Amino acid sequence: MTEPTARPDGYPGSPPARPAGPGASAGPTLGGLEVVEASVAFAGHRVVDRVSLAIRPGTILGLVGESGSGKTTLARAIVGSVALAGGSIRLDGSDLGRRRSSAERRAVQLVQQDPFASLNPLLTVGQVLDDLLREERLTSATEPGGRRPRLARQQRAADLLALVGLPSDALGRYPREFSGGQRQLIAIARALAVQPRVLVADEPTSSLDVSVQRTVLDVIAGLGRGMHLATLLISHDLSVVHAVCDEVAVMRDGVLLELAPAGRFFRHPGHPYSRALLEAVPRLPGR
Amino acid sequence: MNTLGSLVVDDLRVSADVELVHGVSLTVAPGEAVGIVGESGSGKSLTLRAVMGLLPRGVHRSGGRVQVDGTAAMIFQDPLSFLDPLARVGRQVAEVCAAAGRTSPRAARVRALELLESVRLPDAADLARRYPHQLSGGQRQRVLLALALAQEPDLLLCDEPTTALDVTVQREVLDLLAQLRAERRLSILFVSHDLAVVTQVCERVVVLRGGRVVETGAALDVVTSPASDYTRSLVDAVLPLPVPAGGGDD
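Predicted model only: the values in this text are computed from it and were never measured.

What counts and what doesn't
Residues numbered from 1 in each chain as written. Chains lettered and ligands numbered in written order. Predicted model: local features only at pLDDT ≥ 70, side-chain atom pairs only at ≥ 80, totals over all residues. Heavy atoms only, no water. Helix = DSSP H or I, 4+ residues; strand = E, 2+ residues; numbered from the N terminus. Buried < 20%, exposed > 50% of the residue type's maximum accessible area, 1.4 Å probe, protein only. Contact = heavy atoms within 4.5 Å. Areas by Shrake-Rupley, 256 points an atom, 1.4 Å probe, with all protein chains shown as cover. Domains from an automatic or database assignment. Buried area = accessible area lost by both parts, 1.4 Å probe. Salt bridge = Lys/Arg side-chain N within 4 Å of Asp/Glu carboxyl O. Polar contact = N/O pair within 3.5 Å; in protein donor to acceptor, adjacent residues only side chain to side chain. Nonpolar A, V, L, I, M, F, W, Y, C, P; charged D, E, K, R; others polar.

Visitor: Explain the overall build of chain A here, please?
Guide: Summing up its helical and strand segments, chain A has nine helices and 10 strands in all. Taken over 287 residues, chain A has a buried fraction of 52%. Taking as baseline every contact in chain A between residues at least 6 positions apart, the subset at least 24 positions apart corresponds to 67%. Put simply, chain A shows about 12700 Å² of open surface, and 50% of that area lies on carbon and sulfur atoms.

Written as structure tokens, this is what we have:
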């Protein structure tokens, strides 16, 4: 049985210096997202209780648990929409405090279960992306503090759609004109528009038909790895986590029960509850 | 020959402004469990609701024949939308018992408790005094099952009954369904988007797409050697999950 409060391997004793920018390479053991002894309390009750985990850039951690496990609350704490009652959340070694700067907010992006609810129905996809790109002050060394010119923004928006596998003519269309899977891809493009370092995907395929589930997962995994993001994939569906994750964390009643590399977790789950979860999933005969 | 619990659906058509279900035919033999699988928009839920006569407002049966031999009852994905939020669950079950059996209120209350116990709700007497919002999702689905059983059904219609449940609770409810089916010789028509769940519950499967039957056959045959490209694509889209080593069975 995994010690619930054990720190993940390689956790540094002191915070490292923050890398110079998104392109800067992290040290051999540092960088990415670190959740250290994080707790969240509602009405005096700890719904997340001293959870520690780390996600290195370019890797995907799958967080599983049943309803009431605290997994979604932990996600909300990581994106900064819920305050911590204890512990800390660090990005590349620096503390993401209670009040986050706009740069810190941009750095941690959330993709939710229902893409329709998170997209403004009155704006075209192009307008949604353009608003984000216009807000964004370029942080590159060549144009510090500058803004993108309009044509550059249009090109960037088309590039973002291409990244998630949507045609550029989607820019002129409204969210309702897309299927559920396509809307989720748009939500991913929107999250990536602000050049985040952490992507939190909370049940991103749970309301989608199985035929499009795979596409959305492949986009999240491919871009998360390719863009060197620390990706947290939250799912109640263990087969989703199995498909794309490098590590697996299991929560129950606010407590982290197990944190293990995916290969070991799915073959030899360390906690009896992890095993119960894995064994309860109905399998297709002959698969 | 006893045909109680059998169902014949013949050339069923369901329409709103346009036709949504285009001539679906299927049968359920007495005691048989048949699954309807399909993606969103396949017409699987509309087909089930048409059998029960519970189509949404603005949607109607526009053709075909539905013949149930015996009594049909239905359970849904979301029990909260079906349960009265202002009534204790014991009373809700008792009311259905009274209506179905035309018994005295006292006999109905006793029967309601029996039913809550028969769906393996622990401490049923205590639970009967609670309101729906005070129950967990799994407990509510069991209460819904008790309500369905109170109608003494021969055919149980199930519309994604475990889709909103946690996986360990889903397992319990599916096991319960199998036990009840054996005890009561229920026929079952089970709608789900989840092929694995359907093959666990049902002997036969009907695959729907766009309001039409694509394929029908023994559940094991349909998932291991699908006859249609569409069914194959559905099977292939199911993400594999290995069984952990060293389980209790080996």
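Visitor: What am I meant to see in the domain arrangement of chain B here?
Guide: Often, the extent of an interface is quoted as the loss of accessible area upon association of its parts. Residue and element names in this part refer to chain B. Per the domain assignment, the segments making up chain B are domain 1 (1-71 + 154-240) and domain 2 (79-152). When each unit is reduced to the centre of its C-alpha atoms, the spacing between domain 1 and domain 2 is 25 Å. Taken together, the contact pairs 15 residues of domain 1 with 14 residues of domain 2. Per-residue buried area on domain 1 facing domain 2 is highest for L176, L180 and R184; these three make up 39% of the total on that side. Measuring nitrogen to oxygen at the nearest pair gives 3.0 Å for the salt bridge that ties E183 to R120. Summed over the shared surface of domain 1 and domain 2, the number is four residue pairs in polar contact (both at pLDDT 80 or more). The element contributing the most residues to the side of domain 1 that touches domain 2 is helix α6 (residues 167-184), with nine residues. A breakdown of the residues in the side of domain 1 that touches domain 2 according to their chemical character gives nine nonpolar, two polar and four charged.

Visitor: Teacher, can you tell me more about the pattern of salt bridges here?
Guide: Pairing between side chains of opposite charge can happen when the charged atoms of each approach one another. For the coordinates displayed, the defined rule picks out 23 salt bridges over all chains. When the shortest N-O distance is used, the salt bridge between A:R275 and A:E279 registers 3.3 Å. Note that A:R275 and A:E279 are positioned in helix α9 (residues 272-280) at a spacing of four residues, about one turn of the helix. One salt bridge in this structure joins B:R91 and B:E95, with 3.2 Å as the shortest N-O distance. Of this pair, B:R91 and B:E95 both sit in helix α2 (residues 89-101), four residues apart, roughly one helical turn. Taking the relative accessible area as the measure of exposure, B:E95 reaches 45% and is therefore partly exposed. In this structure, a network of salt bridges that share partners links the residues A:D130, A:D131, A:R134 and A:R153.

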